[in-house]
Amino acid sequence: AQKVTQAQTEISVVEKEDVTLDCVYETRDTTYYLFWYKQPPSGELVFLIRRNSFDEQNEISGRYSWNFQKSTSSFNFTITASQVVDSAVYFCALSEADSGGGADGLTFGKGTHLIIQP
Amino acid sequence: DTAVSQTPKYLVTQMGNDKSIKCEQNLGHDTMYWYKQDSKKFLKIMFSYNNKELIINETVPNRFSPKSPDKAHLNLHINSLELGDSAVYFCASSQDRPGRAFDTQYFGPGTRLTVL
């Protein structure tokens, strides 16, 4: 069965600090996808990134970067020079190959509440 | 233009009532989903659906039923509401077929259901 663990329940940093959100996943499949979503205080879920299991290249998008390491089953997310607007709950999610008929959809971690203090 | 929309945004109702939440997507996607987010923010899939398949998560009570009038809409009907149904319900859509969630899922704004 697939599982996503976000061990950090809450992180609080001061603005302009760098912060890394950890994500560790479990799957038996060789083909799978990993995602990060952001849920700001307004409540919507905003897609950030999608990465397939065959692409271990790190990705950078502005102040955001992602480090995917299959050897440790991790897909960590780093925000550089954090800003108050980055305050949100961040979810890591996993999807496997054909679920075999189950409505697996995305399996989400429990989320990390990131607080950026001014 | 909103890609995935839901109505209402807030729904307050009494225990035992029947209610519906509407979802519409204008992305041309083939598959739609319903997720439940509980008070601890945990998100869990309830259904995945397209015009050929409905896949139900086995833990979802049969009081919950999705209804799709067409490809762009997937409404959620809930019968005999219980206190434990209070949560935020999110609709999502993607190009995937049910049971396979490889493509990016785009989420609606959520509906906060409160059962009194």
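A few points on the structure.

Calculation rules
- Residues numbered from 1 in each chain as written.
- Chains lettered and ligands numbered in written order.
- Predicted model: local features only at pLDDT ≥ 70, side-chain atom pairs only at ≥ 80, totals over all residues.
- Heavy atoms only, no water.
- Helix = DSSP H or I, 4+ residues; strand = E, 2+ residues; numbered from the N terminus.
- Buried < 20%, exposed > 50% of the residue type's maximum accessible area, 1.4 Å probe, protein only.
- Polar contact = N/O pair within 3.5 Å; in protein donor to acceptor, adjacent residues only side chain to side chain.
- Contact = heavy atoms within 4.5 Å.
- Buried area = accessible area lost by both parts, 1.4 Å probe.
- Salt bridge = Lys/Arg side-chain N within 4 Å of Asp/Glu carboxyl O.
- Nonpolar A, V, L, I, M, F, W, Y, C, P; charged D, E, K, R; others polar.

Observations regarding the side chain of Gln8(A)
Residues and elements named next belong to chain A. One can find Gln 8 in the loop between strand E1 (3-5) and strand E2 (10-14). The exposure class of Gln 8 is buried, given its relative accessible area of 19%. A distance of 3.2 Å separates a polar side-chain atom of Gln 8 from the backbone oxygen of Thr 20. Discounting residues that sit within four places of it in the chain, Gln 8 has contacts with Thr 20, Leu 21, Asp 22, Gly 111 and Thr 112.

Description of the interface of chain B and chain A
The partner chain A presents 28 residues to the 23 residues of chain B that form the contact. Roughly 2000 Å² is buried in total at the junction of chain B and chain A, and carbon and sulfur atoms are behind 60% of that figure. Of all residues in chain B, the largest losses of buried area upon contact with chain A belong to Leu43(B), Phe102(B) and Phe107(B), amounting jointly to 29% of the total for that side. If you look at where chain B meets chain A, you find one salt bridge. Our count for the chain B to chain A interface comes out at four residue pairs in polar contact (both at pLDDT 80 or more). Residue assignment for the side of chain B that touches chain A shows that the elements contributing at least two residues are strand E4 (31-37), strand E5 (43-49), strand E6 (54-56) and strand E10 (106-107) of chain B. Broken down by element, the side of chain B that touches chain A gets its largest block of residues, four residues, from E5(B). Of the residues in the side of chain B that touches chain A, the class split is 13 nonpolar, six polar and four charged.

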